[in-house]
Amino acid sequence: MSDDAVPDLRASDADRERVAEVLRDALAEGRLDMEEFEERLDRTYRARTYGELTPITRDLPAAGVAPPPVVSLHKGPVADGSWAGRIVGGEGSSTWAVAVMSGFQRRGRWTVPRRFTSFAFWGGGELDLREANFAAGEVVINCVAIMGGMQIIVPPGVEVVVRGIGVMGGFDQREAGVPGDPDAPRVVVTGFAFWGGVGIERKLTKAARRQEKLDRKAAARELHADFRDDVHEAHRRMLEGHKDLLREHRDGRREERRERRERRHDR
């Protein structure tokens, strides 16, 4: 593929998030004011191709790097967004979390270990797996909630198995039994809840929700444009019909005058 064709390649959610991260760093360092940041961030999430993404960060350096970061126009080996690219092996970013009259949170880009243990006593926690990688094709999240609660957020396509036990509490079963995508990881939720609960929710990432919103707007604009074109076409046909009627009427009048002249001539 030639370099001229690269800017026409479609950008992924990960590409847009990389550009958004550079913009956030630039805002924190004072390189952009809030108005510029919001304008560029809006352009980032509306961008469909590399050619639209590249100019957004052309004049900004990455954190700790002198040369300006330009969005790479070449995909890495796992940049296709496949589940296989998110099962990375290893030990995971962290293996446990505790909240005693407090809270904990794991979200963003982190690696879920093969087994993660969490404990909440008069507190709460959140485990967001939407942007996470996974150490194995099946991971176990063990939750112990005593007069507390935990929320687990999984992306679409991940299979969830719930095996927890609740006493005057419970484990959310709404996402259990939903088939997963081929090659997607499997999340097994176990543990114990006493006067507490463990909720499981399936959500899109913020970038995906923004993209869905933009796609809906684009579809609405396209539908409006199609409707407008249909109205214009109907109006054009109506005008042509009127012109045809006027032309036939004029031709009929001419024929009548010609016949009257011929009759007068004969008389």
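A. Geometry of the pairing of strand β13 (residues 197–202). Where strand β8 (residues 149–154) and β13 come together, six bridges link them in parallel fashion. Bridged to valine 154 within β13 is arginine 202.

B. Expanded view of the confidence of the model for the chain. When pLDDT is averaged across the chain, the result is 81; 88% of the residues are at 70 or more. Mean pLDDT values for the elements of the chain range from 75 in helix α4 (residues 206–266) up to 96 in strand β7 (residues 138–146). Overall, residues 63–80 carries pLDDT values under 50, and its contacts beyond four positions in sequence, including any with other chains, amount to 32 contacts.

C. Spotlight on the packing of aromatic side chains. Here the structure, examined in full by the defined rule, presents three aromatic pairs. With a centroid separation of 5.9 Å and an interplanar angle of 70°, the aromatic rings of tryptophan 110 and phenylalanine 116 are classed as edge-to-face. One exposure class covers both tryptophan 110 and phenylalanine 116, and it is buried. With a centroid separation of 5.7 Å and an interplanar angle of 0°, the aromatic rings of phenylalanine 121 and tryptophan 122 are classed as stacked.

D. How the structure looks around a positive patch on the surface. The grouping of Arg253, Arg257, Arg260, Arg261, Arg263, Arg264 and Arg267 at the surface amounts to a positive patch. Along the polypeptide, arginine 260 turns up in helix α4. Overall, arginine 260 belongs to the partly exposed group, its relative accessible area being 37%.

E. Structural context of a negative patch on the surface. Together, Asp33, Glu35, Glu36 and Glu38 line one region of the surface with negative charge. Tracing the backbone shows glutamate 35 in helix α2 (residues 34–46).

F. Local environment of the sheet that holds strand β2 (residues 103–106). In space, the five strands of this open sheet follow the order β2-β5-β8-β13-β11, with parallel pairing throughout. The open sheet has two edge strands, β2 and β11 (170–171), and neither has a second partner. Two strands pair when backbone bridges link them, and β11 and β13 are joined in this way by two bridges, in the parallel orientation. Within the sheet, the bridge partner assigned to glycine 170 lies in β13 and is glycine 197.

About the criteria used
- Residues numbered from 1 in each chain as written.
- Predicted model: local features only at pLDDT ≥ 70, side-chain atom pairs only at ≥ 80, totals over all residues.
- Heavy atoms only, no water.
- Pairing = 2+ DSSP bridges.
- Helix = DSSP H or I, 4+ residues; strand = E, 2+ residues; numbered from the N terminus.
- pLDDT = per-residue confidence, 0-100.
- Contact = heavy atoms within 4.5 Å.
- Phe/Tyr/Trp six-rings, centres within 6.5 Å; stacked < 30°, edge-to-face > 60°.
- Buried < 20%, exposed > 50% of the residue type's maximum accessible area, 1.4 Å probe, protein only.
- Patch = residues over 30% accessible without salt bridge, like charges linked within 9 Å, V, L, I, M, F, W, Y side chains within 5 Å.
- Areas by Shrake-Rupley, 256 points an atom, 1.4 Å probe, with all protein chains shown as cover.
- Salt bridge = Lys/Arg side-chain N within 4 Å of Asp/Glu carboxyl O.
- Lys, Arg positive; Asp, Glu negative; His and termini not counted.
- Charge placed at Lys NZ, Arg CZ, Asp CG, Glu CD.

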